Amino acid sequence: MHETINGAVFKEMLLFGAVSVSAAKQSINDLNVFPVPDGDTGTNMSLTIQTAATELNKKDFRTVDEVANVAANAMLRGARGNSGVILSLLFRGISKSLKGVDAADGVAFASAMQEGVAAAYSAVMKPAEGTILTVSRLAADAAMRAAGEGGDVEQVLEAAIRQGGETLKETVNMNPVLKRAGVVDAGGKGFLIILEGMLSSLRGEPMPELDGAQETRDKADFAELGDEDITFTFDTVFIVRKTKQCDLAPFREYLNSIGDSIVVSEGDDMFKVHVHTDTPGDALNAAQQYGTLEVAKIENMRIQQEDMAAGRKTISADELEDDDMETPAAPVEPEEIKPYGFLAVCAGDGLASVFRDMGVDGVISGGQTMNPSTESILTEIERTPAETVFVLPNNKNIVMAAQQCEGLTEKNVIVIPTSTVPQGISAMMAVDLEQGDAKAIESAMLDAAKNVTTAQITYAARDSDFDGNDIHEGDFLALLDGKLFGVDKSISVLLGKLADAAAERGAEFINVFYGEDVDAAEAEVDSGCFSEKLPNAEVSVLSGGQPVYYYIISFE
């Protein structure tokens, strides 16, 4: 039993919790109420806590204060999605409570859990019951009761998990949406899995191993190779900065045809490749159809192995002198700082172009299936040459991550809580810089965003029985203002029903943005129903290039 925990023990607890939620992320994702493909709770919570694990692995710690502070700061910047932000807030409160504490006993740990819940609740404007907030609150209450009865840290965690588990089972009855879907809250489950991992660490249980590809090595370990082990000659590592959102599956297949030892690690705006091949130039050329080559390293493994076998010093790409080969870049003139700047989050070249044409200073790649972190949004805020920066998240699961930036920069950050791209476009159309007042601009943007109706057509990622609809994986789904509107095997049928809805609302302006899986001719034919059913409306069919959604449609 652990009467108290020090920094080293607390670090291992958090690392165990991070691995646990990562291992279970798909089961958490499967609890999502809508069967649409999205960033998903398990993925976002896993990515958020992994930022803390990365920082904690860099050094040893003596006190729980140090560990909590490093973890909270990392998660604050790495938070993704609403579930990730709330998780970061829970740990921010824990860090605040443990400030100055070298070793925590049961009372200190339970108090920290309660402080975490207070921090999370204070940041959520309209806390809903039957969510991670409810599970964490009642778990913390149970932890305090156990601590009051003299429980140590292990007993406090046991009590929290026991009560949290009972609460999680009841979330299906606390939240009407969960009740209709017949599932428990995904965020609450993720939080419990983290606590269970922390308890397993205290009990000395073995940490679970994660499946998946090994991390890419920046440099081949030639000492482990014999010439007979080297099928391909060149160890090739490179990074490509994406210029568009794309499916890398065809690229992986191509790499497999020209080499082996392939690992492709993909991020929101870049991907890193490791491959052994005889034709590194071909791999680099093929990659450039997906983006811009940023850096590359190519080493001849046969020569390296021969040198090592002969006891000669090997030459690595890391050791090349390039002082004489580089031409100093021209100094960048600082941009003039203006009163107001604008950032928009979206996925798809077409949508990005629309926002840029409307005057946004920067576009952050993200949306459904790829929620950008607070750090990613903050980086673009800092790059924007403006005193006040307006941020359009354009996705309800990105709003909270954007709002966390408000206290992390000296700039004035105003988040317009747009839930969809059409809302963001309408908000930008309302911008009048001659108003000269941030509050007036904010008010106009908010009003404009409220007056647009958004429809979306996507596909079902899994079988589901939602709200009386028998949904099968691969079915097409129509959403209207975020709510399930229709299910069908035909996109045309759903578009026709949405056109009827637009006609009922007396829509005068309709914008149809078609996605990356729809060609222009197909989009023109599919969208004809809007012109047919609303002959007096102005209908525009535009390339959005967005993933996941075949169509994003706005009615005004």
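Everything below is about the structure shown above.
Only a predicted model underlies this, so the values are computations on that prediction, with no experimental measurement involved.

## Description of the pairing of strand S15 (residues 483–488)
Two elements, strand S14 (residues 476–480) and S15, share five bridges in a ladder whose sense is antiparallel. If you follow Leu477 over to S15, its bridge partner there is Val487. The antiparallel hairpin formed by S14 and S15 contains two residues in its connecting segment, where Asp481 sits at a positive phi of about 50°.

## With respect to the nonpolar core
Of all hydrophobic cores here, the largest spans 84 residues; its most connected members are Ile5, Phe10, Phe109, Met198, Ile377 and Val391. Sequence-distant contacts of Met198, that is, excluding residues within four places in its chain, are made with Phe10, Met13, Leu14, Gly17, Phe109 and Leu157. Counting residues in hydrophobic clusters, the runner-up holds 26 residues, among them Leu494, Leu495, Ile510 and Ala523.

## Quick word on empty space enclosed by the protein
Counting across every chain of the model gives one cavity of 30 Å³ or more. If you add up the space inside the largest cavity, you get close to 90 Å³. As for the largest cavity, its lining consists of Leu90, Phe91, Ile94, Phe109, Ala112, Met113, Gly116, Val117, Ser136, Phe191, Leu195 and Met198. Of all elements in the fold, only helix H5 (81–97), helix H6 (106–123) and helix H10 (186–202) reach the threshold of two or more residues within the lining of the largest cavity. Of all the elements, H6 adds the most residues to the lining of the largest cavity, at five residues. Grouping the constituent residues of the lining of the largest cavity by class yields ten nonpolar, two polar and no charged.

## Notes on the sheet that holds S15
As summarised here, the arrangement of the six strands in space is S15-S14-S11-S18-S16-S17, forming an open sheet in which the pairing is mixed. Two strands bound the open sheet, and with one partner strand each, they are S15 and strand S17 (538–543). Direction aside, neighbouring strands of the sheet carry axes that sit 15° apart on average.

## Thoughts on a negative patch on the surface
Taken together, Asp247, Glu253, Glu516 and Asp517 make up a surface patch of like negative charges. Take Glu516: it is sitting in the loop between strand S16 (509–514) and helix H20 (520–526).

## Examining helix H18 (residues 438–450)
A rise of 1.5 Å per residue sets the reference length of H18, with its 13 residues, at 18 Å; its end C-alpha atoms lie 18 Å apart and thus fit the reference within 8%. The complete set of buried residues in H18 reads Ala438, Ile441, Glu442, Met445, Ala448 and Ala449. The buried residues of H18 all sit within an arc of 130° when viewed along its axis, so they share a single face. Residues of H18 that are exposed and point more than 90 degrees away from the buried face comprise Lys439 and Lys450. Of the surrounding secondary structure, the elements contacted by the buried residues of H18 are strand S7 (338–346), strand S9 (386–392), strand S10 (412–415) and helix H17 (421–429). Where H18 starts, the residue carrying a side-chain oxygen 3.2 Å from the main-chain nitrogen of Lys439 turns out to be Asp437.

## Considering the sheet that holds S10
As summarised here, the arrangement of the four strands in space is S8-S7-S9-S10, forming an open sheet in which the pairing is parallel. Where the open sheet ends on each side, the last strands, each with one partner, are strand S8 (362–365) and S10. On average, each strand axis in the sheet is inclined to that of its neighbour by 25°, with strand direction left out of account. The pairing of S9 with S10 spans four bridges and is classified as parallel. When the bridges of S10 are listed, Thr388 appears paired with Asn412.

## Here we look at the side chain of Asn175
In this structure, Asn175 sits in the loop between helix H8 (153–174) and helix H9 (176–181). The buried category is assigned to Asn175, whose relative accessible area is 15%. The residues contacting Asn175, other than those within four sequence positions of it, are Glu129, Gly130 and Thr131.

Each value, and the rule that gives it
- Residues numbered from 1 in each chain as written.
- Predicted model: local features only at pLDDT ≥ 70, side-chain atom pairs only at ≥ 80, totals over all residues.
- Heavy atoms only, no water.
- Pairing = 2+ DSSP bridges.
- Helix = DSSP H or I, 4+ residues; strand = E, 2+ residues; numbered from the N terminus.
- Core = buried A, V, L, I, M, F, W, Y, C linked by side-chain atoms within 4.5 Å.
- Buried < 20%, exposed > 50% of the residue type's maximum accessible area, 1.4 Å probe, protein only.
- Contact = heavy atoms within 4.5 Å.
- 1 Å grid on protein atoms, 1.4 Å probe; cavity = no way out; pocket = protein on both sides within 12 Å on 5 of 7 lines; lining within 4 Å.
- Points joined across faces, edges and corners; volume = space filled by probe spheres on them.
- Nonpolar A, V, L, I, M, F, W, Y, C, P; charged D, E, K, R; others polar.
- Axes fitted to C-alpha atoms, helices over the stretch in contact; angles between N-to-C directions.
- Patch = residues over 30% accessible without salt bridge, like charges linked within 9 Å, V, L, I, M, F, W, Y side chains within 5 Å.
- Areas by Shrake-Rupley, 256 points an atom, 1.4 Å probe, with all protein chains shown as cover.
- Salt bridge = Lys/Arg side-chain N within 4 Å of Asp/Glu carboxyl O.
- Lys, Arg positive; Asp, Glu negative; His and termini not counted.
- Charge placed at Lys NZ, Arg CZ, Asp CG, Glu CD.
- Expected span 1.5 Å × (residues − 1).
- Arc of directions from axis to C-beta.
- Polar contact = N/O pair within 3.5 Å; in protein donor to acceptor, adjacent residues only side chain to side chain.

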